[in-house]
Each structure stands twice: as structure tokens, then as C-alpha cells.
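Letter by letter, the chains look like this.
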Amino acid sequence: MRYLIIDDEPIAHRIIEGYCDKIPYLEKVGNAYDAFEAMEFFHTKEIDLLFLDINMPKMTGFEMLRSLPVPPKVIVTSAYQEFALEGFELNVVDYLLKPFSFSRFMTALHKIAPQTNTSDKDRFFVKVDKQLKAINKKEVLFLEAYGNYVKLHFANEYIVCHQKLSYFEELLSEKDDFIRVHKSFLVNNYSIDVVEGNRIKIEEKEVPIGQKYKSQVYEKLNL
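Model, not experiment: these values are computed from the prediction. (Residues numbered from 1 in each chain as written. Predicted model: local features only at pLDDT ≥ 70, side-chain atom pairs only at ≥ 80, totals over all residues. Heavy atoms only, no water.)

Here we look at the pattern of salt bridges
Then, number 1: For the structure shown, the criterion picks out 13 salt bridges.
Then, number 2: We note a salt bridge from Arg2 to Asp48, for which the minimum N-O separation is 3.3 Å. With a gap of 46 residues between them, Arg2 in strand S1 (residues 2-6) and Asp48 in the loop between helix H2 (35-44) and strand S3 (49-52) connect regions that are remote in the sequence.
Then, number 3: Measuring nitrogen to oxygen at the nearest pair gives 3.1 Å for the salt bridge that ties Asp177 to Lys137. Residue Asp177 is found in the loop between helix H7 (165-172) and strand S11 (178-182), and its partner Lys137 is found in the loop between strand S7 (131-136) and strand S8 (142-146); the two are separated by 40 residues along the sequence.
Then, number 4: By relative accessible area, Asp177 is classed as buried at 13%. (Salt bridge = Lys/Arg side-chain N within 4 Å of Asp/Glu carboxyl O. Helix = DSSP H or I, 4+ residues; strand = E, 2+ residues; numbered from the N terminus. Buried < 20%, exposed > 50% of the residue type's maximum accessible area, 1.4 Å probe, protein only.)

Shown next, in the form of C-alpha cells:
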């Protein structure tokens with residue numbers, strides 16, 4: 001999904017870019033610091049998603065949005081709450097009030113990612129060897145932190161992607177399908193065969209339960 005940031009504050013660009021770098025299916029098209037600069041990108045690039053500020057010099061974000069014959073998806077990023085109603089009248093995907101957390105940012109993206117990136121809500125994408133690979137989350141037994149990478153373990157193989165475990169925890173734990181059981185492990189609830197003491201057995205493999213996570217794990221598994 002190709003995105004463009006339109007905001008007159010450089011720090012806002014850095015924050016949004018930092019969040020987007022954690023999302024494998026997002027690709028930056030560019031940075032615009034006012035609406036007129038953004039227009040140049042619309043004439044030369046394909047854009048799927050805008051992160052759009054409202055209160056900018058020369059032309060507001062909403063004035064620019066109204067000028068587009070076929071606007072892309074829009075997530076508003078604004079310090080001004082009073083424009084929210086107008087934003088939703090313009091069919092924006094979400095309205096993020098600055099400063100917003102990564103968790104709130106992900107909530108906004110979840111509103112469009114399933115429709116634009118997968119035909120099946122049980123799938124997600126990871127970047128592997130400069131490619132985006134579709135993953136069926138039901139086939140993932142568990143995920144393991146591996147330095148600056150994560151190993152996704154399946155029944156007969158594993159793949160390594162350049163991502164942090166916290167990203168997958170945010171992506172996969174929404175319905176308790178996946179449980180954080182250790183600082184280095186995230187487990188598919190439905191792949192668990194046996195829980196014994198501080199260990200989880202999954203097929204022929206074992207995953208440790210961290211002391212910090214033990215009560216949470218037992219509570220989620222109703223043990």
C-alpha cells in the first residue's frame with residue numbers, strides 16, 4: 001500500500017514514518033509539507049493512502065481533499081479535535097488526534113488493511129527477501145524473537161522476517177488467537193497441545209512460559 005504524508009510539521013513526518021516502517025505492506029511514496037506540494041505527487045505517483053494534516057498554510061487538508069476527483073484512502077492526523085465531524089463527512093478512514101500511540105495507529109490501519117491487502121481475514125503479509133509473502137495465521141504455530149528478526153514457526157518449516165515481535169503481538173493478539181507467553185515467544189492459542197509447568201508443548205516443540213507472563217497465560221487459557 002503506497003502512502004503519502006502531508007503535514008507542515010517535520011516531526012509529524014518522522015513519527016508517522018517510524019510507525020509505517022514497522023508495517024511490511026506499507027511503502028512510502030513521499031513527503032509533502034503543504035497541499036500544493038502534495039499535488040505534484042498526485043500527478044506523478046500512484047497513491048493508495050494519505051496521512052493528512054488539516055491545519056496547513058495556503059490550503060487546508062480538507063480543501064485539498066475536496067479538490068481531488070478520486071481521492072485515495074485518508075487517515076487524518078491532526079491536533080484539532082473540532083474538525084473530526086467534517087472529516088467523517090468526507091469519508092476519511094479514521095481521525096487520529098495528535099499525539100497518538102502506535103496502538104491507535106494500528107487500529108486505524110486495521111480498518112483498511114483486511115480489505116486492501118487480503119481476501120481472507122486469516123491472512124497477513126510479511127517481508128521476506130525483498131518480497132511480500134502471504135501468511136495464513138492459522139498455520140503459524142508460534143513466533144520467536146531472533147535478534148532484530150522474528151522466526152515464524154510452522155509445522156515443517158520456519159521463515160525469518162525483519163520485524164519485531166511487538167509488531168506481531170499487536171497484529172495477531174486482537175482476539176486472543178495469539179498469546180505472548182515469554183519476552184521472546186508469541187504462541188498460537190489453537191496450536192497448543194500441552195501446558196505443563198513453565199512449558200508449552202506444540203507438536204514436537206517446546207516453548208517456555210516467562211514468569212512475568214505466567215498468570216496472564218493461565219488466565220487466557222482458563223487454567
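Continuing now.
Re the confidence of the model for the chain
Then, number 1: Across the chain, pLDDT averages 88, with 94% of residues at or above 70.
Then, number 2: Contacts from residues 114-119, a stretch scored under 50 in pLDDT, to residues over four places away or in other chains number 9 contacts. (pLDDT = per-residue confidence, 0-100. Contact = heavy atoms within 4.5 Å.)

Some thoughts on the sheet that holds strand S12 (residues 185-188)
Then, number 1: The 5 strands are arranged S10-S9-S8-S12-S11 in an open sheet whose pairing can be described as antiparallel. In this open sheet, the two strands that pair with only one neighbour each are strand S10 (158-161) and S11. Averaged over all pairs of adjacent strands, the angle between strand axes in this sheet comes to 25 degrees, irrespective of strand direction.
Then, number 2: Here S8 runs beside strand S9 (residues 149-153); their pairing, made up of 5 bridges, is antiparallel. Residue Tyr146 lies in a different strand from S9, and its bridge partner there is Tyr149. (Pairing = 2+ DSSP bridges. Axes fitted to C-alpha atoms, helices over the stretch in contact; angles between N-to-C directions.)

Some points on H2
Then, number 1: Burial in H2 covers these residues: Ala35, Ala38, Met39 and Phe41. Along the axis of H2, the buried positions cluster into a sector of 160 degrees, meaning they face one direction only. Exposed side chains of H2 directed beyond 90 degrees from the buried face belong to Glu40, His43 and Thr44.
Then, number 2: Packing partners of the buried residues in H2 comprise S1, strand S2 (27-32) and helix H3 (61-67).
Then, number 3: In this structure Asp34 caps H2, since a side-chain oxygen of it lies 3.0 Å from the backbone nitrogen of Phe36. (Arc of directions from axis to C-beta. Polar contact = N/O pair within 3.5 Å; in protein donor to acceptor, adjacent residues only side chain to side chain.)

Here's the deal with the packing of aromatic side chains
Then, number 1: Under the counting rule described, the total for this entry stands at 12 aromatic pairs.
Then, number 2: On the numbers, 6.4 Å between centres and 25 degrees between planes, the contact of Phe102 with Phe105 is stacked. Here Phe105 and Phe102 lie together in helix H5 (residues 102-110), a separation of 3 residues that amounts to about one turn.
Then, number 3: Taking relative accessible area as the criterion, Phe102 reaches 15% and is therefore assigned buried.
Then, number 4: Through a chain of ring-to-ring contacts, three or more aromatic side chains come together here, namely Tyr3, Tyr19, Phe51, Phe100, Phe102 and Phe105.
Then, number 5: Here the guanidinium or amino end of Lys22 rests over the ring plane of Phe102, the centre of that ring lying 4.7 Å away.
Then, number 6: Cation over ring: Lys151 sits above Tyr158, and NZ or CZ is 4.7 Å from the ring centre. (Phe/Tyr/Trp six-rings, centres within 6.5 Å; stacked < 30°, edge-to-face > 60°. Lys NZ or Arg CZ within 6 Å of the ring centre and 35° of its normal.)

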